[in-house]
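# Residue-level structural notes
What follows is each chain in one-letter form.
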Amino acid sequence: MRGGVRLNLPVLYLLNHSIHRTTVPFADAEGRVYGLVVYPDDPGVKKCAEDAARLIQSERSNCSFSAEQLEHHRGSFPALSTGVAHGNGRMHPQNIIHNVANTSVLKRLTSSKPFQRLSGFATGVFKTWAPRLYNYCEEHFTDLLSNDGLLTRIFDNSVLPAAAFNFGPRTVCLPHVDFGNLPFNLCWIWALGWYNWKKGGHMILWDLKIVVEFPPGSLMAIPSGICRHSNTRIGRSEIRYSFTQYAPGGNFRWVDHGFQSEEDFQAGLTTAEKKEEKLRKKARWEMGLGLFSTLNELGLNNEDL
């Protein structure tokens, strides 16, 4: 028991408490920052988060959800994704397609001032805490859009090509990994709604053994493509939504392979080039780690945290 909340977790799990007006980085033994949680102090941001929750609440009844959108590996709540993605049956990066009703809802949400503001805030945090990773995403997304004029950028103030809206009204994610996302990138998650965050709605990072208090209007960034995560339950009468921005890994592979599939790319290589490509793939994890900032680079050390 921590703070009157039974989390049913091993005692070795660390509970990160919410502290107003702070940003808490998650760092490994080498000081590499692989995630963070932001508890904003800007009243305007908090108001935008509340307005965003009201927008989702009001638009929920305008959606027409399929069975797969109501029940999925993340949980039992309706969810819609939008933006540019490669994979899940798409042979190349494409705009995510929906029926007329859902397309209209997603257009209204992404063009609204609250979600535009939340997206811009996340971008500012991204640039500050992981500038190399931000530049990597920006370069790839810019190249992708330049190569295909049919692709749509859903947020002009973001380098992340896709977003997901979880319509709740009790968004409680099951333990999962978003395998389709770029593994060394950060997924940016806003907690929205009205719930007692001391009793529920915590984010659990299972592999890292961290439990994070996640109040409405807070922002978290995690490498969701490799980090197993979920949320704790909220009260039956409480409401929780979430808004997530992410980058499918297939988009990056498409750009790196000269805007072609893995098969076509491999078919055009010589024997020597195939050996070089194999070595490059083996070293890719190290390249990805190098995109994360360290505490020293950010002017911090473990004693500051």
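Description of the structure in this document. (Residues numbered from 1 in each chain as written. Predicted model: local features only at pLDDT ≥ 70, side-chain atom pairs only at ≥ 80, totals over all residues. Heavy atoms only, no water.)

## Some details on unusual backbone geometry
At the junction of Gly168 and Pro169, the peptide bond is cis and its omega measures out at 5° in the coordinates. Positionally, Pro169 belongs in the loop between strand S6 (162-166) and strand S7 (187-194). For Lys209, which is not glycine, the phi torsion reads 60° and is therefore positive. Examined against the element boundaries, Lys209 turns out to sit in the loop between strand S8 (203-205) and strand S9 (210-212). Of the residues examined, Lys209 reaches a relative accessible area of 39% and is grouped as partly exposed. The phi dihedral of Phe259 falls on the positive side, at around 60°, and the residue is not glycine. Along the chain, Phe259 turns up in the loop between helix H6 (249-256) and helix H7 (262-267). (Helix = DSSP H or I, 4+ residues; strand = E, 2+ residues; numbered from the N terminus. Buried < 20%, exposed > 50% of the residue type's maximum accessible area, 1.4 Å probe, protein only.)

## Structural notes on helix H3 (residues 100-111)
A turn of α-helix holds 3.6 residues, and therefore any two residues three or four places apart point the same way. In a regular helix each residue adds 1.5 Å, so twelve residues correspond to 16 Å; H3 covers 17 Å between its end C-alpha atoms and thus fits that length. Those residues of H3 lying buried are Asn102, Val105, Leu106, Leu109 and Thr110. Each buried residue of H3 lies within a common arc of 125° when the element is viewed along its axis, so the set occupies one face. Summarising the geometry of H3, the exposed residues directed more than 90 degrees from the buried face are Val100 and Lys107. Its buried side turned inward, H3 meets helix H1 (43-59), helix H2 (67-70), strand S4 (79-87), helix H4 (113-129) and S6. (Expected span 1.5 Å × (residues − 1). Arc of directions from axis to C-beta. Contact = heavy atoms within 4.5 Å.)

Geometric descriptors of this kind do not, in isolation, establish any biological role.
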